[in-house]
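An overview of the molecular structure
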Amino acid sequence: MKGVVLIALTLASVCSAARAVPPPKVAIDAEQRLVVGRLAAILDEEAVARQLESGLTTTFVFRVEVAGRVLGGARVDVRYDLWDEVFEVVVVGADGRGERVTLAGRTALATWWSGVEFVVAEQRPRSTPWPRELVLAVEVVPFSVSEQDDAQRWFVRSFGESAARTDRQVTDPAERRGDSLEKVLGVLMATSIQGSALYSARWVVTVAGGR
Amino acid sequence: MRKPMPPEPMRGRRRFRVHALLVFTLVAWATGAAAQSGAALRLEEGRFFLEKITIEGVTTFAPGIVIAESLLETGRVYTEGELRDAAHRIKRLPLVLDVEFSLKKGSERDLYELVIRVRETRRWFWGFDLNLAGWSEPVSVSGVETTNFTESSLALVGRRFAAGRYGVVYAALGGADGTMQVGYTRHDLFAGGGFGSLSLAGSDCASDNGQPSSPSDVGDAGCQTELVGLGLDPTYSNWSTTAGTVRLRLTLGYPLGGNRSLRLKGSYRATESGLRRLALDTDPGRLALFSDRYDVALNLSWVSNSVDDPVFPTRGTLLEAGLDVQTLEADLFQYDLSGSPLAVAGASRSHQLAALATASWHWPVGEQGSFSLGGEALIGRSRIRNLPGYDLELLDADVTVWSASATAGYGLFLKQLRTGERWRELRWENSAQLFAGGIAPSLGQDQVPHYGGRVTTGLTYRNTWGILRFTLSWVGLEATP
């Protein structure tokens, strides 16, 4: 009996290891921003794959955290056009810049996904360098993000105002982060008030590069 | 079923986009969020012409119920937001645990088939709710003793049966309304997605051991205790039944479009005998016996509901505003154990007409948590006749009644398993509530609590069979002259 249990446990751990998704790459770019790339192969996760094929919008919300404190985030919206058989994709980074691409089919999406890079946190104050390790989390949310705009604006404005208040206490102009915080919260809140996450993952990643 | 219409012409779409752009620009300007914000760049909202709607995963009741509750119909264009609202409406059905929407190509370009995949609850269902509460003031529950610690529990087991294309019949033992209840719910009433629900409950209050142990409880032998609202009984009294009770409930809902609806709720309850006890009376000897009691309540409300889940709400808003009419009548026999003779108070009547508004908002916090804010306000007029007060006098007055409460809550999923046949959720739930209420003039009821607070923490477990809840509360009451 013990042997059966041991075999079952071994098989379970092997299966679990096989299912483990490798972490994305997080690096510091030339402008001292945090950039995420080499995105993990979560598109093949059952719930994600089903939603991607649903013809409705799938939103990927990325968040970087240190000790539970959110440093930044980014959002990727994907919708499959059933008739044109293309994926419409919009990426919005923490710098507020966006990219819109149209990809012909699942293979093209997977290729783009593994190669895309975007900013998840803007430049930090000189006195506080980026940590060597941080947590990168992703949530996959169904449905469009363009509803509930009132709630979104309320959140963005509330946090924006609180960021502005914090901003006034900062003496170094280089440390004024109010704007970027508002952008980050805009990115995050716009999606996180939507539907329940279909899938979520967290990785502890080592930050590559830096000063 | 409507004949499918061709999708909107390109010109119409372009006009829509121009309007959308204008609206967005104005909104961005007005809020100061500006287009440079990350929220500004997103996919245009999807708009889909539904040619067909298919329901999957429904085995225990009629698929027509899902379609009726969705308020979706073929031959129309829906935005993704409208589809999401429809998904939330379906998920609020007691028959449904979860729902998933997906599209398929239709028969022609730009026509779609909507596939609604439903995860059902079981035919058999159960529920158990246990609350242990500490009180800042000693309260009476039943009999002649007071306590600072109360326990209330509720157990329920029942079964649902499909009844026709849009109906569900259920029967249950236990529950808040009595030891036995039967009910029938009909969807797609009024030919437009309305619904109606009728239930009949009875309890026999079989033994003394079944007495309730909380100011609002159903004892284990069907004896019911209720803390009656200030508008019907301004003395803050418990009314405990000692005999059988029959209760009839009727709810009708009529959709007004989107998440909005009109709702009419009615209730009639009759009981043969019981005990009325002033909840905060320090003199344990004073109480009143009652007989031939009945109460009627009618509530007509406008409701806007975008909450995603009725048990574990994590996002969305619930707004209700309406009129509330209540009547309570009973023959009362006032009794003082300290030696005063039994006095007949006679027939007592209370009527209340009030405006009532409630609101709650829910937001997710992090991956597993959610934060809620809520409030309720009531103001109305009450006519009270021949009701014994704290000093054994009979109250006879017309008063203005008001009450308000505010609640903040935080919930955190400790476990969420939603795969295949396995469905389990365990949530830690916390809430803090402040409440206040009163009548004017005060009628000399100085012991009536005018404000207070309640803090509650507990665990709730849900699976495909039912819900198990265990909570601890602390209730602080403050009476002011």
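In what follows, the structure referred to is the one given above.
Residues numbered from 1 in each chain as written. Chains lettered and ligands numbered in written order. Predicted model: local features only at pLDDT ≥ 70, side-chain atom pairs only at ≥ 80, totals over all residues. Heavy atoms only, no water.

**Thoughts on the overall build of chain A**
Secondary structure assignment for chain A yields five helices and nine strands. Ordered by position from N to C terminus, the α and β elements of chain A give α-β-β-α-β-β-β-β-α-β-β-α-α-β. Within chain A, buried positions represent 51% of all 211 residues. The long-range share in chain A, meaning contacts at least 24 apart out of those at least 6 apart in sequence, stands at 66%. Accessible surface for chain A amounts to roughly 10100 Å². Of this, 55% is attributable to carbon and sulfur atoms. (Helix = DSSP H or I, 4+ residues; strand = E, 2+ residues; numbered from the N terminus. Buried < 20%, exposed > 50% of the residue type's maximum accessible area, 1.4 Å probe, protein only. Contact = heavy atoms within 4.5 Å. Areas by Shrake-Rupley, 256 points an atom, 1.4 Å probe, with all protein chains shown as cover.)

**A short note on the overall build of chain B**
Broken down by element type, chain B carries three helices and 22 strands. In chain B, which comprises 481 residues, the share counted as buried stands at 49%. Partitioning the contacts of chain B with sequence separation of at least 6, the portion at a separation of at least 24 is 60%. Accessible area for chain B stands at about 22200 Å²; split by element, carbon and sulfur atoms hold 61% of it.

**Side note on a nonpolar patch on the surface**
Residues and elements named next belong to chain B. Together, Phe190, Tyr254, Leu256, Leu262, Leu264, Leu298, Leu300, Trp302, Leu323, Val325 and Leu353 give the surface a local cluster of nonpolar side chains, amounting to about 970 Å² of exposed area. Of all the elements in the fold, those that place two or more residues in the nonpolar patch are β13 (245-257), β14 (260-278), β15 (286-305) and β16 (316-336). Sorting elements by how many residues they give to the nonpolar patch places β15 first, with three residues. When you line up the elements, valine 325 lands in strand β16. (Patch = residues over 30% accessible without salt bridge, like charges linked within 9 Å, V, L, I, M, F, W, Y side chains within 5 Å. Salt bridge = Lys/Arg side-chain N within 4 Å of Asp/Glu carboxyl O.)

**As for the packing of aromatic side chains**
To describe a pair of aromatic rings, one takes the distance between the centres and the angle between the planes. The tally for this structure, following the rule as stated, stands at 10 aromatic pairs over all chains. Ring geometry for A:Phe62 versus A:Trp113: centroids 6.2 Å apart, planes at 40°, classification tilted. With A:Phe62 in strand β3 (residues 58-66) and A:Trp113 in helix α3 (residues 106-115), this residue pair connects regions lying 51 residues apart in the sequence. Assessed through its relative accessible area of 2%, A:Phe62 is described here as buried. Measuring from centroid to centroid gives 6.2 Å for B:Trp363 and B:Phe371, while their planes differ by 15°, and the two rings are stacked. The structure contains a cluster of three or more aromatic residues connected by ring pairs, namely A:Phe60, A:Phe62, A:Trp112, A:Trp113 and A:Phe118. (Phe/Tyr/Trp six-rings, centres within 6.5 Å; stacked < 30°, edge-to-face > 60°.)

**Some words on the environment of A:Pro22**
Looking at the secondary structure, you find A:Pro22 in the loop between α1 (2-19) and β1 (25-28). Take A:Pro22: its relative accessible area is 53%, and that puts it in the exposed class.

**Brief notes about α3(A)**
Residues spaced three or four apart along an α-helix point in a common direction, a consequence of the helix completing one turn every 3.6 residues. Residue and element names in this part refer to chain A. Residues Leu109, Trp112 and Trp113 constitute the buried set of α3. Seen end-on, α3 carries its buried residues on one side only, within an arc spanning 100°. What points out from α3, more than 90 degrees from its buried face, is the exposed set Thr107, Thr111 and Gly115. Here the buried face of α3 lies against α2 (46-52), β3, β4 (69-81), β5 (86-92) and β6 (98-103). (Arc of directions from axis to C-beta.)

**What about helix α2 (residues 63-70) of chain B?**
Residue and element names in this part refer to chain B. Of all eight residues in α2, six are buried, a share of seventy percent or more. Within α2, burial applies to Gly64, Ile65, Val66, Ala68, Glu69 and Ser70. With its phi angle positive at about 65°, leucine 71 sits one or two positions after the end of α2.

**Description of the sheet that holds strand β4 (residues 111-120) of chain B**
All names here are of chain B. Judged by pairing direction, the sheet is mixed, and its four strands sit side by side in the order β2-β1-β4-β3 without closing on themselves. Strand pairing shows two members of the sheet lacking a second neighbour, β2 (76-79) and β3 (96-105), which therefore form its edges. Mean inter-strand twist for the sheet, computed between neighbouring axes without regard to direction, equals 50°. Bridge count between strand β1 (residues 47-56) and β2: four bridges; the pairing is antiparallel. Within β2, the position partnered with leucine 50 by the bridge is arginine 76. Each of β1 and β4 is contacted by α2, which is oriented at about 155° to β1, the strand it contacts most. Contacting β1, β2, β3 and β4, helix α3 (residues 80-91) crosses the sheet at an angle of about 150° to β3. (Pairing = 2+ DSSP bridges. Axes fitted to C-alpha atoms, helices over the stretch in contact; angles between N-to-C directions.)

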